Amino acid sequence: MKKNLTIAICTFNRANYLKKCLDSLFRQIQTNIEILIIDNNSSDNTALVSKYYSTNYKNIKYVFVKNIGLSY
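All of these numbers come straight from a predicted model, not from anything done at the bench. (Residues numbered from 1 in each chain as written. Predicted model: local features only at pLDDT ≥ 70, side-chain atom pairs only at ≥ 80, totals over all residues. Heavy atoms only, no water.)

Enquirer: Explanation requested: the confidence of the model for the chain in the structure shown.
Expert: If pLDDT is low for a region, its predicted coordinates should not be looked at in detail. Looking at the chain as a whole, its pLDDT mean stands at 86, while 85% of the residues score no less than 70. Ranking the elements of the chain by mean pLDDT puts helix α1 (residues 15–28) last, at 89, and helix α2 (residues 46–56) first, at 94. (pLDDT = per-residue confidence, 0-100. Helix = DSSP H or I, 4+ residues; strand = E, 2+ residues; numbered from the N terminus.)

Enquirer: Got a minute to help me understand the sheet that holds strand β3 (residues 60–65) in this structure?
Expert: For sheets, the rule is that strands pair by backbone hydrogen bonds, running either parallel or antiparallel. Spatially, β1-β2-β3 is the arrangement adopted by the three strands of the open sheet, whose pairing is parallel. The open sheet has two edge strands, β1 (5–11) and β3, and neither has a second partner. Between one strand and the next, the sheet's axes are offset by a mean angle of 20°, whatever the strand orientation. Note that β1 and strand β2 (residues 33–40) share seven bridges and pair parallel. The residue bridging Ile9 from the neighbouring strand is Ile37, located in β2. Sheet contacts for α2: β1, β2 and β3; angle to β3, the most-contacted strand, approximately 150°. (Pairing = 2+ DSSP bridges. Axes fitted to C-alpha atoms, helices over the stretch in contact; angles between N-to-C directions. Contact = heavy atoms within 4.5 Å.)

Okay, structure coming up:
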């Protein structure tokens with residue numbers, strides 16, 4: 001299926017809000033989307049939450065980057 005929309009979520013140490021954000025996206029929008037979670041070297045459980053969702057939902061991709069900043 002062709003993806004009609006890609007949503008990039010840039011995050012740093014926001015594990016507490018990431019699950020709520022992703023759940024909200026799934027409730028609001030169509031199924032033919034792609035979600036990219038860009039983790040900028042978080043030191044909390046952001047990676048754990050991101051990996052859970054990317055493993056269980058085929059339209060979510062998790063990308064870990066090391067201190068590159070939001071402008072990247």
